[in-house]
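Remarks on the overall topology
Below are the chains, spelled out letter by letter.
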Amino acid sequence: MSEQMIVEGEIENQCSGNCNGSSAAADNVSSRTELIDLDCKSCHKRYNDPRLLPCLHTFCAECIRSFEPYIISSDDRNPNLSISMNSLSSISNTVVTLMCPTCESEVDLPRRGVYELPVNFMIRKEILQKALNPNENNVHCDLCEESNAISRCMECTVNLCNFCSQAHNRQRKTASHKVISLEEVRKEGVDGLYSPLKCQSHLREEQRLFCETCDKTICRDCCIVEHRDHVIEFNDDIVDESRTLLLKLISKSEPHILTLQGTLKKINELDAEIENKKESVKQEIDLYMQSYMSALQKHKEQLFVKVDKVCEEKKQALKAQQFYMKQTLEDVQHSCAVAKRALTDGNNDEFLSLKPLLTQRMGNFSRLQIHSSPRADAFLKFLPDVSAGEIDSLEVFGDIKSKIIDPQKCSASGDGRCIFFRVQSTFLKP
């Protein structure tokens, strides 16, 4: 779990004498409490050599070296050209750009690499303060992370166990470093353990000068080599002016915090309102769909009733026609049979006695007009795009079309043996 410490206080005014302007500016900076996380967001371990990126996010120096870089030529930027950080020293006239894992900003590294980035002395100071805490009995070694630390390298700003301390003293690059016990560190206190900033180009020299031309701290040797003819000042001579400048920039930047916080609050409120609106509209849709599905279900049932009614009417018409056709068939067959037997079985007197009935009956049948087509059909069609009116104040679509027999528009003619029906095509309405 990340360990966090609370740092309280104001920006300290370290100047005296003619520094009243800087002191007044410092007094205008409100006292605030900031939460400082002592664990690197990349490796999730305690910071080891914390370095500030230009976006002001901090990572361990080695973590920054592990980030995937882009190799960007000073003349032609080609972000598709990727190379390992270890091979950068062999490439000249290039600017290395990294993407900050925290804010995803593209930041340029110094030309000499990661170790030219400024040390975050604030975090380093808090880590040291943590180590000085008398209640902190188990301070782990920053190198092996297994054993308890017993000493501290004041130049590397790391806590060391006994084994790592001996190895630290044997290495050529670190043999001259000042390593003291944690007990001495606690006695000296944070203020008594000031560690001067060393130049990355000239490791034995302290950065006590400031190049205003390049806007960076430098050492005495840098003035002779890289910064010849530049505007050079002692740090102590320009620190008050720089503090004042930074305080002015802070005073101009801090109002944006309230604006941004207010905008974020509005965004959060609007986001919550959108979420509430989403649920409200979903409920409206759900209620509407339930009502609409209920209306559709009712309409479906009505359509089923219509279909049943139409088909029943068609079948009743066919049954009526079938009944009359069967009755007529039986009558014709019977009459013909009786007439034939009268011709063959009776004598002249007997035949003539039946002649009036037989000729009248057979005469009626001889004039009979038989319509052989069924008086109904199977035409029935569903038209889904036709408006069918409203159900529960909701418009519904879909209706039935069929040729139906309207009894009120039917007529019959003949001697009762032949029925004529007029058939119409119509939409069925409820």
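Anything mentioned here points back to the structure above.
Report follows, based on the coordinates. For every chain, the first residue of the written sequence is number 1, and numbering continues from 1 onward in sequence order. For a predicted model such as this one, the threshold for reporting local features is a pLDDT of at least 70, and the threshold for listing and counting side-chain atom pairs is 80 or more; totals across whole chains, interfaces and linings nevertheless cover every residue. With hydrogens and water excluded, all non-hydrogen atoms of the structure serve as input to the side-chain values.

**Regarding the side chain of Ser 165**
Our working definition: Secondary structure follows DSSP: runs of H or I at least 4 residues long count as helices, runs of E at least 2 residues long count as strands, and numbering of each begins at the N terminus. A 3.5 Å cut-off defines polar contacts: any pair of N or O atoms within that distance qualifies, except that in protein one atom must be a possible hydrogen donor and the other a possible acceptor, and neighbouring residues in sequence count only when both atoms are side-chain atoms. Contact criterion: two residues are considered in contact whenever any of their non-hydrogen atoms come within 4.5 Å of each other.
Of note, Ser 165 is situated in helix H4 (residues 162-170). Of the polar contacts made by the side chain of Ser 165, one reaches the side chain of Ser 151; its length is 3.4 Å. Setting aside its immediate chain neighbours within four residues, Ser 165 contacts Ser 151, Leu 160 and Val 179.

**Examining the environment of Glu 146**
Here is the rule: Accessibility here uses a 1.4 Å probe with only protein chains present; expressed as a share of the type maximum, an area under 20% marks a residue as buried, one over 50% as exposed, and anything in between as partly exposed.
Inspection of the secondary structure assignment puts Glu 146 in the loop between helix H3 (121-132) and strand E8 (151-153). A residue is classified by how much of its surface remains accessible, and Glu 146, at 67% relative accessible area, is exposed. Along the chain, Glu 146 and Cys 161 lie 15 residues apart, while their C-alpha atoms are 8.8 Å from each other.

**Comments concerning the sheet that holds E8**
To keep things clear, this is the line we draw: A strand pair is defined by DSSP finding two or more bridges across the two strands. The angle between two axes is taken between their N-to-C directions and runs from 0 to 180 degrees, where each axis is a line fitted to C-alpha atoms and a helix contributes only its stretch in contact.
Strand order in the open sheet made by the three strands is E9-E8-E10, with antiparallel pairing throughout. Across the chains shown, the open sheet's two edge strands, defined by having one partner strand only, are strand E9 (158-160) and strand E10 (179-181). Neighbour-to-neighbour, the strand axes of the sheet open up by a mean angle of 30°, direction not taken into account. Across three bridges, E8 lies against E9 in antiparallel orientation.

**A closer look at the nonpolar core**
Nonpolar side chains tend to gather and get buried jointly when the protein is soluble and globular. We apply this condition: The set of buried Ala, Val, Leu, Ile, Met, Phe, Trp, Tyr and Cys residues whose side-chain atoms join them within 4.5 Å is what this entry labels a nonpolar core.
Leu 53, Phe 59, Ile 64, Leu 98 and Leu 109 are the most contacted members of the largest nonpolar core, which has 20 residues in total. At the level of elements, strand E4 (58-60), helix H2 (61-66), strand E6 (94-99) and H3 are the ones that each hand at least two residues to this core. Per-element tally for this core: the top contributor is H2, with three residues.

**Quick look at the environment of Ile 218**
Counting through the fold element by element, Ile 218 comes out in strand E12 (residues 216-218). Taking relative accessible area as the criterion, Ile 218 reaches 1% and is therefore assigned buried. Look past the residues within four positions of Ile 218 in its chain and what remains in contact with it is Glu 206, Gln 207, Arg 208, Leu 209, Phe 210, Cys 211, Cys 223, His 227 and Ile 232.

**Points about the sheet that holds E12**
With antiparallel pairing, three strands are arranged side by side in an open sheet as E12-E11-E13. The open sheet has two free edges, formed respectively by E12 and strand E13 (232-234), since each of these has just one partner strand. Direction aside, neighbouring strands of the sheet carry axes that sit 35° apart on average. In terms of strand pairing, strand E11 (residues 209-211) meets E13 through three bridges, oriented antiparallel. For Cys 211, the partnering residue across the bridge sits in E13 and is Ile 232. Along the sheet, helix H7 (residues 235-345) makes contact with E11, E12 and E13, crossing E13 at roughly 90°.

**Some thoughts on unusual backbone geometry**
A negative phi angle characterises most non-glycine residues, just as the trans form characterises most peptide bonds. The phi dihedral of Glu 104 falls on the positive side, at around 60°, and the residue is not glycine. As for its position among the elements, Glu 104 is in the loop between E6 and strand E7 (106-108). A relative accessible area of 59% places Glu 104 in the exposed class. Backbone geometry at Asp 392 places phi at a positive 55°, although glycine is not the residue there. Summarising the element assignment, Asp 392 is placed in the loop between strand E14 (380-391) and strand E15 (394-404). By relative accessible area, which is 47% here, Asp 392 ends up partly exposed.

**Description of the pattern of salt bridges**
For the record, the criterion: Put simply, a salt bridge is a Lys or Arg side-chain nitrogen that is within 4 Å of an Asp or Glu carboxyl oxygen.
Following the criterion strictly, the structure yields 14 salt bridges and no others. The closest approach of N and O atoms between Asp 392 and Lys 298, which form a salt bridge, is 2.9 Å. Within this pair, whereas Asp 392 is found in the loop between E14 and E15, its partner Lys 298 is found in helix H7, the two being separated by 94 residues in sequence. We note a salt bridge from Lys 306 to Asp 399, for which the minimum N-O separation is 3.3 Å. Here the residue Lys 306 occupies a position in helix H7, and Asp 399 occupies one in strand E15, the gap between them amounting to 93 residues. Per residue, the accessibility class of Lys 306 equals that of Asp 399, and both read buried. Here the salt bridges do not stand alone but share partners, grouping Glu 205, Arg 220 and Asp 221 into one network.

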